[in-house]
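A structural walkthrough
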Amino acid sequence: MSENDHGHIQEHIKVYLTVFGALGFLTLLTVAASYMDVSPMEAIFLALAIATIKASLVAGYFMHLITEKQTIIWILCLTFIFFLFCMFIPMITVIDHASLS
Amino acid sequence: MSNDSHPKENFLQKYIFSVDHKIIGLQYGITSLLFLFFGFCLMMVMRWQLAYPETPVPIVGHLLGETGILMPETYNMLGAMHGTIMIFLGIVPLAVGAFGNYIVPLQIGAPDMAFPKLNAASYWAYFIGGVIMLSSFFMPEGAARSGWTSYPPLSIFEAGQTTWLIGMIFLITSSLLGSMNIIVTIVQLRAPGLSWFRLPFFVWAQFVTAFLLVLAFPPLEAAAVLQLMDRVAQTSFFLPSGLVYSGASVDVYGSGSPLLWQHLFWFLAHPEVYVLILPAMGIVGEVIANNTRKPLWGYKSLVYATVFLGFMSFIVWAHHMFLTGMGQAMSAFFQTTTMIISIPSVVILTAFFISLWGASIRFTTPMLFALAFLPMFGIGGLTGLPLGVGASDIHLHDTYYVIGHFHYVVAPGTIFGLFAGIYYWFPKITGRKMSEALGKLHFWPSLIFMNGIFMPMFIQGLAGVSRRLYDGGQLYAHAQDVLQWNEFMSISAFCLAASQIPFFINFFVSLFKGEKVDRNPWGATTIEWSAPSPPLPHENFEGPVEVYRGPYEYSVPGADKDFSPQTEK
Amino acid sequence: MQIPYIVEERPDTGLNNSKLGIWVFLASEVMLFGGLFSAYVFLRMAAPVGDFAYWGSKLSIPMATFNTLVLISSSMTMIMSWASLKMKDFEKFKMYMGLTLLCAFIFLVVKYFEYTGKFHHGIYPSSSTFMGIYFTLTGLHMLHIIGGMIVMGYFWLPFGNKMWTTEPERFTNRIEVAGLYWHFVDLVWIFLFPILYLL
């Protein structure tokens, strides 16, 4: 998207600074959360949830996705879900295996 | 760099490091045809051994050692490299690199691909990868011999694999850059008036193929890096604990998983087989529409089936792994998805068949190849069904049945489609037609001998003859009744080789002496035929391109001729 | 006929060619790192219980946290360098681009200390499957950082930013595309950090 208005960009810069602050805070939160006494599954979920929020902020604001057309956003979201699905199938094939014992 | 003034180019810029998609397409075409020929020769040596075990191989025997007999390690080497070369150095570069690069911009009315310099870079990455692969034959330890599938633990310890992995990294990079280019080109550079559902089916096929390449290749690149590290850095990503190799305990950390390689490999390699078939289906669609003088039947279903096929191809991969001990739930999942994926293929084939109904068929050479594609691909596809169902796959996995199945799809399937494309687009590329007589002399024997090679493989496979056997099954009691087919198949292979001679003669003689034709000798409707033959360097078309109708407006009632070109007002 | 939509956007997609190109490329990169992430999951499940946690505890969380903040800052300075070009401020662009390169360099320095620290203690990729996948993932990520630095360095130096004087809009788009790549490299680290260091 091409905006040529100085003021317009200035508003965007404010957003970038806010996102930057949020990212820094979330990073420290991730580290703090790792010291919490939770089960492994919960730890994984928590870590990935925070990482996803951070990633969404980077993708949405730094990578301008939030201003792109809805189609692009939907395609990316669906791709992401599909990607998660593909990545976790091999795991399931190992859990459910014909064991000799 | 602006494109409107073209400074005089020297020989290197114009022909070697050209950024013109047409030159690059031809570079891909020539290189890949040479590799296809080389891969075919490797297979002929193997087939000699299978037909006449332990006898000296004629012509090339002196390269195999003093006795001239093909030894088992060399047999495995030829087998692994035959597969690798045919798939990654032959078919994909020809179908996507050559046909995709040359034809797609022309069929969408664009002056070039979206990123011409990247296009050149992807060709040279392919070239380097090919050189590396070929050079492995001359390394002291020889070329890779763990199958094109490179399963660990064997591939971690066997010779020649490191060079193979490095070569693959270059080839994968080339594919990624090339397919990225095709996607952007098709999305962004379509001429005014060329909406998505006015695209020729060939362009849709290339579009889906490019997506498959872009998304499926990287996990193999990751896996290749991991296997490389297992080989040179003593990691154990794919090596389990407690492994004993050649009597000695392997000194690595262990706790790796050979299955991990299989998953990462087949995650690419299954979409890869759709990469092998889709461009050929695209070509067949073009040739059928043109030579029936009718629109393709079910254009929209063809498009939706192709997109659905692309999507499904990502979730069937473990049907190559039914015998690895996976549990019922996952096996059922992959069997189901595999059965479902046969549906779009059937839709596409059916649409092509129905397109013939009520048509005025012109039996030109491209049409003969396109017509033969239909039943040949049909056989290939149908024989895949028992492989996709776990219960029957138990008996057929890793037998000659599998080899028969996939060769039917790729050899009298894809390669016939590509031949159709060469005969069809030769006039556009050169301004001359190939000889019809020599074309038929190429076609009929090829069809017969293709079946001669691959049909008996089903018989052998059903009898239980395993694949990748140096002796072709001689030592096995269950194979004795079907051994006689070995000689039959090998002779068919040698005759198939001879059947290509008319093609070579036709190709080279026609370049200089072929019948000169105008820009649209086939009376076709798609945009590439409105460009001069050959199209203008760097620009393709003489002026701006505008599209007024769909891609297959043949025999429109009330029109003055039996075809209405897309670009004609 | 020139190739269209190099600078101006195609109306129905809202994109110029390079932007679509880099997004498609990033999609392939997602699959590349995704393949390695799924390898990590697989290997962790194949390893003895507690094996990955044991080897993982040898990594330095403070160093990696610092590196995470450094990389996030570099993303910030990267977007600021693009915004400066949008506001036609070339000097600010150079400053922010320089800062981005500096942050990337700091990241590499910290990585250098991390790696050599491991080697010093006799810990190599072959020491365990965790270390193997750790070095592979972070090593590949590091190669991407270096690649990004080469491209950004090219745009930062005089011979690379000549286009600002001849075709400013096209140059601005180039910085945006480089920025998209850089943000992606940051994104990968955002997932790498908790998975390798914290879990």
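So, how was this worked out
Numbers given to residues run from 1 along each chain, matching the order in which its sequence is written. The lettering of chains begins at A and the numbering of ligands begins at 1, in the order of writing. Only residues with pLDDT of 70 or above have their local features reported here, since the model is predicted, and side-chain atom pairs are shown and tallied only from 80 upward, although totals for entire chains, interfaces and linings are computed over all residues. The side-chain values count all of the structure's non-hydrogen atoms but skip hydrogen atoms and water molecules. By the criteria applied, helices consist of DSSP H or I runs no shorter than four residues and strands consist of E runs no shorter than two, each listed in order from the N terminus. Here the term buried applies to any residue with accessible area under 20% of the maximum for its type, exposed to any over 50%, and partly exposed to those in between, with areas from a 1.4 Å probe on protein chains only. In this description, contact between two residues means that some pair of their heavy atoms is separated by no more than 4.5 Å. Per-residue and other accessible areas follow the Shrake-Rupley method at a 1.4 Å probe size, with only the shown protein chains counted as cover for residues. We treat Lys and Arg as the positive residues and Asp and Glu as the negative residues; His and chain ends play no part in the count. For the purpose of locating charges, the reference atoms are NZ of Lys, CZ of Arg, CG of Asp and CD of Glu. Angular values range over 0 to 180 degrees, each being the angle between N-to-C directions of two axes fitted as lines to C-alpha atoms, with helices fitted over their stretch in contact. Roughly parallel refers to an angle under 35 degrees, roughly antiparallel to one over 145, roughly perpendicular to one between 65 and 115, and oblique to any angle outside these ranges. For this scheme, ten residues count as nonpolar: Ala, Val, Leu, Ile, Met, Phe, Trp, Tyr, Cys and Pro. Four count as charged, namely Asp, Glu, Lys and Arg, and the remainder, Gly too, count as polar. Expected helix span is given by 1.5 Å per residue-to-residue step, counting one fewer step than there are residues. Each of two parts loses accessible area, computed with a 1.4 Å probe, when they are put together; buried area is these two losses added. Here, a salt bridge means any Lys or Arg side-chain nitrogen found within 4 Å of an Asp or Glu carboxyl oxygen. Whenever a nitrogen or oxygen atom comes within 3.5 Å of another N or O atom, the pair is scored as a polar contact, on the condition that within protein one atom can donate a hydrogen and the other can accept it, and that pairs from neighbouring residues in sequence are kept only if both atoms are in side chains.

1. Section: the overall build of chain B
Secondary structure summary: chain B contains 16 helices and four strands in total. With the C-alpha coordinates aligned to their principal axes, the bounding extent of chain B is approximately 75 × 55 × 55 Å. Considering chain B as a whole, with its 569 residues, one finds that 62% of them fall into the buried category. Long-range contacts, defined here as pairs at least 24 residues apart, represent 79% of the contacts in chain B between residues at least 6 apart. For chain B, the exposed area adds up to about 20700 Å²; of that, 70% sits on carbon and sulfur atoms. If the 25 positive side-chain charges of chain B are averaged to one point and the 30 negative ones to another, these points end up 12 Å apart.

2. Observations concerning the environment of Ser249(B)
Residue and element names in this part refer to chain B. When you line up the elements, Ser249 lands in strand β2 (residues 248-249). Judged by its relative accessible area of 60%, Ser249 is exposed. In this structure, Ser249 is in contact with Leu243 and Val244, ignoring residues within four places of it in sequence.

3. Here's the deal with the packing of helix α13 (residues 400-430) of chain B against helix α16 (residues 501-513) of chain B
Residue and element names in this part refer to chain B. With their axes 11 Å apart at the nearest point, α13 and α16 run at an angle of 10° to one another. Classified by the angle their axes make, α13 and α16 are roughly parallel. Mapping the contact onto sequence places Phe419, Ile422, Tyr423, Phe426 and Thr430 in α13 and Phe503, Asn506, Phe507, Ser510 and Leu511 in α16. When the residues that make up the contact of α13 with α16 are grouped by side-chain class, the tally is seven nonpolar, three polar and no charged.

4. Re helix α1 (residues 17-46) of chain C
Look at α1(C): 44 Å from first C-alpha to last across 30 residues, which is about the 44 Å you get at 1.5 Å a residue. Here α1(C) lies mainly inside the structure; 22 of its 30 residues are buried.

5. Some words on the interface of chain C and chain B
Buried accessible area, meaning the area lost when the parts come together, often serves as the stated size of an interface. Every contact between the two is made by 41 residues of chain C and, on the other side, 46 residues of chain B. Taking both partners together, chain C and chain B bury about 3400 Å²; carbon and sulfur atoms supply 70% of that area. On inspection of chain C and its partner chain B, the count reaches one salt bridge. Of the charged contacts, one joins Asp12(C) and Arg190(B) as a salt bridge, the two residues approaching to 3.7 Å between their closest N and O atoms. Here chain C is connected to chain B by eight residue pairs in polar contact (both at pLDDT 80 or more). For the side of chain C that touches chain B, the secondary structure elements donating two or more residues are α1, α2 (51-56) and α5 (129-156) of chain C. Examining the composition of the side of chain C that touches chain B, we find that 17 residues originate from one element, α1(C), more than from any other. Across the side of chain C that touches chain B, the residue classes tally to 21 nonpolar, 15 polar and five charged.

6. Section: the interface of chain A and chain C
Between chain A and chain C, the residue contacts involve 41 residues of the former and 44 residues of the latter. Buried area between chain A and chain C, summed over both chains or domains, comes out near 3800 Å², and the portion from carbon and sulfur atoms is 80%. Together, Phe62(A), Met63(A) and Met87(A) form the three largest contributors to the area buried by chain A at its contact with chain C, with a combined 15%. Joining chain A to chain C, the criterion identifies zero salt bridges. In this structure, the connection of chain A to chain C is made through two residue pairs in polar contact (both at pLDDT 80 or more). Those elements that place two or more of their residues in the side of chain A that touches chain C are α1 (6-34), α2 (40-62) and α3 (70-95) of chain A. Looking at the side of chain A that touches chain C, the element that brings in the most residues is α1(A), giving 14 residues.

Function cannot be read off these values alone, since they describe shape.
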